[in-house]
Amino acid sequence: MITEIAQIDIKPGSEADFEAAVAKAGAAFGRSKGFHGFELHRSIEKPQRYRLMVKWETLENHTVDFRGSENFAEWRGLVSAYFAAPPEVEHTSTVVTIPG
């Protein structure tokens, strides 16, 4: 299991519309091979900055399967108008977990 972390800076004043578009895009992610859920986090200190954290079974499920699909095109069509800059994306693997 890997986590995709996308840092997304959006245009000021479009926060509510962006959040609604991400929620709507959940269906496109849900149809994607290897998808295991996502969370959208909004920065408190920088309210136009978000981090989208997506769980994928494998790296290729994101970089090949999703990015090469109509689901990716749907996602970008819903949210890209709100981007202030291209998202910064990285992938992580869990190395320590401490349950609460």
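Here's what I pulled together on the structure shown here. (Residues numbered from 1 in each chain as written. Predicted model: local features only at pLDDT ≥ 70, side-chain atom pairs only at ≥ 80, totals over all residues. Heavy atoms only, no water.)

When you go through the chain residue by residue, the secondary structure sums to three helices and four strands. Ordered by position from N to C terminus, the α and β elements of the chain give β-α-β-β-α-α-β. Computed over the C-alpha atoms, the radius of gyration of the chain is 14 Å, within 12% of the 13 Å expected from 2.2 N^0.38 for a compact globule of 100 residues. By residue count, 33% of the 100 residues in the chain fall in the buried class. Within the chain, contacts between residues separated by at least 24 positions form 69% of all contacts whose residues are at least 6 apart in sequence. Surface accessibility of the chain: about 6100 Å² in total, with carbon and sulfur atoms responsible for 54%. In the chain, which carries 11 positive and 14 negative side-chain charges, the distance between the mean positions of the two groups comes to 2 Å. (Helix = DSSP H or I, 4+ residues; strand = E, 2+ residues; numbered from the N terminus. Rg over C-alpha atoms; globule rule 2.2 N^0.38 Å. Buried < 20%, exposed > 50% of the residue type's maximum accessible area, 1.4 Å probe, protein only. Contact = heavy atoms within 4.5 Å. Areas by Shrake-Rupley, 256 points an atom, 1.4 Å probe, with all protein chains shown as cover. Lys, Arg positive; Asp, Glu negative; His and termini not counted. Charge placed at Lys NZ, Arg CZ, Asp CG, Glu CD.)

Another aspect to go through is the pattern of salt bridges. Counted by the stated rule, this structure contains three salt bridges. The residue Glu19 makes a salt bridge to Arg42 at a minimum N-O spacing of 3.5 Å. Taken together, the residues span a long stretch of sequence, with Glu19 in helix H1 (residues 15-30) and Arg42 in strand E2 (residues 35-42) at a distance of 23 residues. Classification of Arg42 by relative accessible area gives partly exposed; the value is 40%. We note a salt bridge from Glu74 to Arg31, for which the minimum N-O separation is 2.4 Å. Of the two residues, Glu74 is situated in helix H3 (residues 70-79) and Arg31 in the loop between H1 and E2; the sequence distance between them amounts to 43 residues. (Salt bridge = Lys/Arg side-chain N within 4 Å of Asp/Glu carboxyl O.)

Judged from the six bridges that link them, E2 and strand E3 (residues 49-56) form a sheet pairing that is antiparallel. Across the sheet, residue Arg42 finds its bridge partner in E3, namely Tyr50. Linking two consecutive strands that pair antiparallel, namely E2 and E3, is a turn of six residues. (Pairing = 2+ DSSP bridges.)

Moving on, we come to the sheet that holds strand E1 (residues 2-9). Strand order in the open sheet made by the four strands is E2-E3-E1-E4, with antiparallel pairing throughout. In this open sheet, the two edge strands, each paired with only one partner strand, are E2 and strand E4 (88-92). When the angles between neighbouring strand axes are averaged without regard to direction, this sheet yields 15 degrees. With five bridges connecting them, E1 and E4 associate as antiparallel partners. Following the sheet pairing, Ile5 is matched in E4 by Glu90. (Axes fitted to C-alpha atoms, helices over the stretch in contact; angles between N-to-C directions.)

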